[in-house]
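Observations on chain architecture
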Amino acid sequence: MRKKTLFILVITFLYLSTMWFVLARDNETIKDPLVIQDVSRLHPVRVKEVIGGKEESVLVEALQVAQKEKLKVSISGAKHTQGGHTYYKDALVLDMTGYNKILDLNQEKKTIRVQSGTTWKDIQEYINPYGLSIKVMQSSNIFTVGGSLSANAHGRDIVYGPIINTVNSFRLLMADGTILNVSRNENAELFKSVIGGYGLFGVILDVDLQLTDDELYRLEYQNVSYEKYPSHILHLLETKDYKMHIARLSTAKSSFLKEMYTMDYKSINESNGETLQDYSDLKNEKNVARNKFLFGLSRHSEWGRERIWDVQSLLYKDGSYDLISRNNAMRPEIKFLEYESTKDTDLLQEYFIPVEQFPRFVDEMREIVVRNDINLFNVSVRYVKENHDTILSYAIDDSISLALYINQGFSKKEREKVRMATQDMVDAAHELGGTYYLAYQEYPSRVQMEKVYPNKDQFYQLKQKYDPEERFYNYFYERYITDEK
């Protein structure tokens, strides 16, 4: 209780004593509804039409129009990919967020069937009363199921690996209007292409997903040096009781990319008489304005990053713990990350490094960030289990994922600076046997992409087989996949 009180006092002091610190905001909204952009705001593009599909017939009709008029088709959900994956100039864009019905829940088999525009938040609220939980999703629950499959997302769970491991089947609307059932045994080529295929083979209609039981976790906090972090991960995996994990690397100047704190979720039956039922009510995000302000301090000043790391060290004190349900552990805060400015934007880049190579990559990453003067203000670290089921698999080894939050200006100079640093980090990851995530900025070169993803040609051949007219199209495809220059 003292730690929580101290935390509140520190936050209040920071807030009241720095009210003069106002971040630049862009309060203007894009007036043209046909100008589309993703969360990075770096590549606004005018499209021909945006169609919100609430019914399957609307989606089928839209593709018929696209075929007749020879239009490119892009597919969008929450639009949190950052490399033009969800739109293309003069394309017909299918906005899937309204296609969000929950169709069936099988409690005995622990499966659920949902339309692809359903968010993970929708699913959590539906299944929580039944004592069930999602196996794999991103660290936030705001994303659509279809978008998560298209990026083959991963999250905090350390048992199940990428999301493809939890998908039983889905229905896919093809460019010619036909609808196929897709699973590991039926249309298997499409199963491994569509998941992790960024909307380039068809429209995912509805998905049959595996669920698991909700559980009570003891959320344990530890301070770990980055050199010893691989041993920490191996201990969690060997113990078996740990089911989820996330860590943070310090971006404070005094401990830059050296100190870490870990959050380990250990499955327990009860603690001091407390049970899952005591913690099963779903929690919603609180203190959004305060947390947004504090995150802004980290974004724009070394002083802010130092103070935030001090506060986090108090809040997540070594050896302390909390109790939490699995469902609430998969509802982390996200709204405070929303950011709009006329001067700069926040970007994500993510790297997957073999566990034992983590310290070496961090050393190289530190040097690259400092040398290029990159405004790196947050690094989330997770474990990802090896998986080769998708053609464009990023999980080619048991890996440590490093998700980098970078603040970048809109100028050509700023973009080029971050591009060069990103390419240096991709090279460093590749030399250590690692990969990078295709869901973010198109800063890696095409040559780098082909080195890191040697199955790219196979992906392209399957694209030509199932969508020879290249009806489904986006900037990611144009930049990295197609042979058309």
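Residues numbered from 1 in each chain as written. Predicted model: local features only at pLDDT ≥ 70, side-chain atom pairs only at ≥ 80, totals over all residues. Heavy atoms only, no water.

Description of the overall build of the protein chain
When helices and strands are counted, the protein chain shows 14 helices and 19 strands. For 485 residues, the compact-globule formula gives about 23 Å, and the C-alpha radius of gyration of the protein chain, at 22 Å, lands near that figure. Across its three principal axes, the protein chain shows a C-alpha extent of roughly 65 × 55 × 45 Å. The contacts of the protein chain with a sequence gap of at least 6 include a subset with a gap of at least 24, amounting to 74%. When the accessible area of the protein chain is evaluated, it comes to approximately 21200 Å², of which 49% is carbon and sulfur surface. If the 62 positive side-chain charges of the protein chain are averaged to one point and the 69 negative ones to another, these points end up 3 Å apart. (Helix = DSSP H or I, 4+ residues; strand = E, 2+ residues; numbered from the N terminus. Rg over C-alpha atoms; globule rule 2.2 N^0.38 Å. Contact = heavy atoms within 4.5 Å. Areas by Shrake-Rupley, 256 points an atom, 1.4 Å probe, with all protein chains shown as cover. Lys, Arg positive; Asp, Glu negative; His and termini not counted. Charge placed at Lys NZ, Arg CZ, Asp CG, Glu CD.)

Re the sheet that holds strand E16 (residues 344-354)
In space, the eight strands of this open sheet follow the order E15-E12-E14-E13-E17-E18-E16-E19, with antiparallel pairing throughout. Of all the strands in the sheet, just strand E15 (321-325) and strand E19 (435-436) have a single pairing partner and so form its edges. Lying over the sheet, helix H6 (residues 229-239) contacts strand E12 (216-225), strand E13 (242-249), strand E14 (259-268), strand E17 (375-384) and strand E18 (399-409), oriented at roughly 165° with respect to E13. Relative to E18, helix H10 (residues 358-372) is tilted by about 10°, and along the sheet it contacts E13, E14, E16, E17 and E18. (Pairing = 2+ DSSP bridges. Axes fitted to C-alpha atoms, helices over the stretch in contact; angles between N-to-C directions.)

A word on the sheet that holds strand E3 (residues 49-52)
Read from one edge of the open sheet, three strands run E3-E5-E4, paired in parallel fashion. The open sheet is flanked by E3 and strand E4 (73-76), the only strands paired with a single partner. Within the sheet, the average angular offset between the axes of one strand and its neighbour, ignoring direction, is 25°. Relative to strand E5 (residues 92-95), E4 runs parallel, the two being bridged by four bridges. What sits directly across from Val-73, in E5, is Leu-92.

Focus on the side chain of Gln-423
When you line up the elements, Gln-423 lands in helix H11 (residues 412-431). Judged by relative accessible area, Gln-423 falls into the buried class, the value being 19%. For Gln-423, the contacting residues outside a window of four places in its chain are Tyr-443, Pro-444, Ser-445 and Gln-448. (Buried < 20%, exposed > 50% of the residue type's maximum accessible area, 1.4 Å probe, protein only.)

Observations concerning the packing of H10 against H11
Running from amino to carboxyl end, H10 crosses H11 at an angle of 165°, the nearest separation of the two axes being 10 Å. Here H10 is positioned roughly antiparallel relative to H11, judged by the angle of their axes. Crossing of H10 against H11: the hand is right-handed. Between H10 and H11, the residues in contact are Phe-361, Glu-364, Met-365, Ile-368, Val-369, Arg-371 and Asn-372 and Lys-417, Ala-421, Asp-424, Met-425, Ala-428 and Ala-429, respectively. Residue composition of the contact of H10 with H11, by class: eight nonpolar, one polar and four charged. (Parallel < 35°, antiparallel > 145°, perpendicular 65-115°, else oblique. Left-handed = near helix turned anticlockwise from the far one by under 90°. Nonpolar A, V, L, I, M, F, W, Y, C, P; charged D, E, K, R; others polar.)

Brief notes about the pattern of salt bridges
Per the stated rule, a full pass over the model turns up 28 salt bridges. Across the pair Arg-326 and Asp-157 runs a salt bridge, and its minimum N-O distance is 2.9 Å. A residue pair is termed long-range when its members are at least 10 positions apart, and Arg-326 in helix H9 (residues 326-329) and Asp-157 in the loop between helix H4 (145-150) and strand E9 (167-173) qualify at 169 residues. In this structure, Glu-215 engages Lys-243 in a salt bridge whose closest nitrogen and oxygen atoms are separated by 3.4 Å. Of this pair, Glu-215 sits in the loop between strand E11 (203-213) and E12 while Lys-243 sits in strand E13, placing them 28 residues apart in sequence. Taking relative accessible area as the criterion, Glu-215 reaches 22% and is therefore assigned partly exposed. Salt bridges sharing partners connect three or more residues here, namely Arg-446, Glu-450, Lys-456, Asp-457 and Asp-483. (Salt bridge = Lys/Arg side-chain N within 4 Å of Asp/Glu carboxyl O.)

What about H6?
Regarding H6, the residues found buried are Tyr-229, Pro-230, His-232, Ile-233 and Leu-236. Burial along H6 is one-sided: seen end-on, the buried residues are contained in an arc of 160°. Residues of H6 that are exposed and point more than 90 degrees away from the buried face comprise Ser-231 and Glu-238. The elements touched by buried residues of H6 are E12, E13, E14, H10, E17 and E18. (Arc of directions from axis to C-beta.)

A closer look at the nonpolar core
Judged by nonpolar contacts, the single largest core of 117 residues is most densely connected at Phe-170, Leu-249, Phe-358 and Leu-402. Counting 18 residues, the second-largest nonpolar core is a separate cluster that includes Ile-51, Ala-62, Leu-92 and Met-96. (Core = buried A, V, L, I, M, F, W, Y, C linked by side-chain atoms within 4.5 Å.)

Remarks on the pairing of strand E6 (residues 102-106)
Two faces, one strand: in a regular strand the side chains alternate between the faces of the sheet. Here four bridges tie E6 to strand E7 (residues 111-115), and the two strands are oriented antiparallel to one another. Bridging across to E7, Asn-106 finds its partner in Thr-111.

Points about H10
The first and last C-alpha atoms of H10 sit 21 Å apart over 15 residues, in line with the 21 Å expected at 1.5 Å per residue. Among the residues making up H10, those that are buried are Phe-358, Pro-359, Phe-361, Val-362, Met-365, Arg-366, Ile-368, Val-369 and Asn-372. (Expected span 1.5 Å × (residues − 1).)

Here we look at the packing of aromatic side chains
The final tally for this structure, using the stated rule, is 21 aromatic pairs. Their ring planes at 40° and their centres at 4.5 Å tell us that Tyr-88 and Tyr-475 sit as a pair that is tilted. In this pair, Tyr-88 sits in the loop between E4 and E5 while Tyr-475 sits in helix H14 (residues 475-480), placing the two residues 387 residues apart along the sequence. Taking relative accessible area as the criterion, Tyr-88 reaches 15% and is therefore assigned buried. (Phe/Tyr/Trp six-rings, centres within 6.5 Å; stacked < 30°, edge-to-face > 60°.)

A closer look at the environment of Arg-471
Structurally, Arg-471 is set in the loop between helix H13 (456-466) and H14. Sequence-distant contacts of Arg-471, defined by excluding residues within four places in its chain, comprise Ala-66, Gln-67, Lys-70, Leu-71, Lys-72, Val-73 and Ala-175. Of note is the side chain of Arg-471, whose polar atom sits 2.7 Å from the side chain of Gln-67. (Polar contact = N/O pair within 3.5 Å; in protein donor to acceptor, adjacent residues only side chain to side chain.)

Points about the confidence of the model for the protein chain
Looking at the protein chain, the pLDDT average stands at 89 and 91% of residues meet or exceed 70. Contacts from residues 12-30, a stretch scored under 50 in pLDDT, to residues over four places away or in other chains number 28 contacts. (pLDDT = per-residue confidence, 0-100.)

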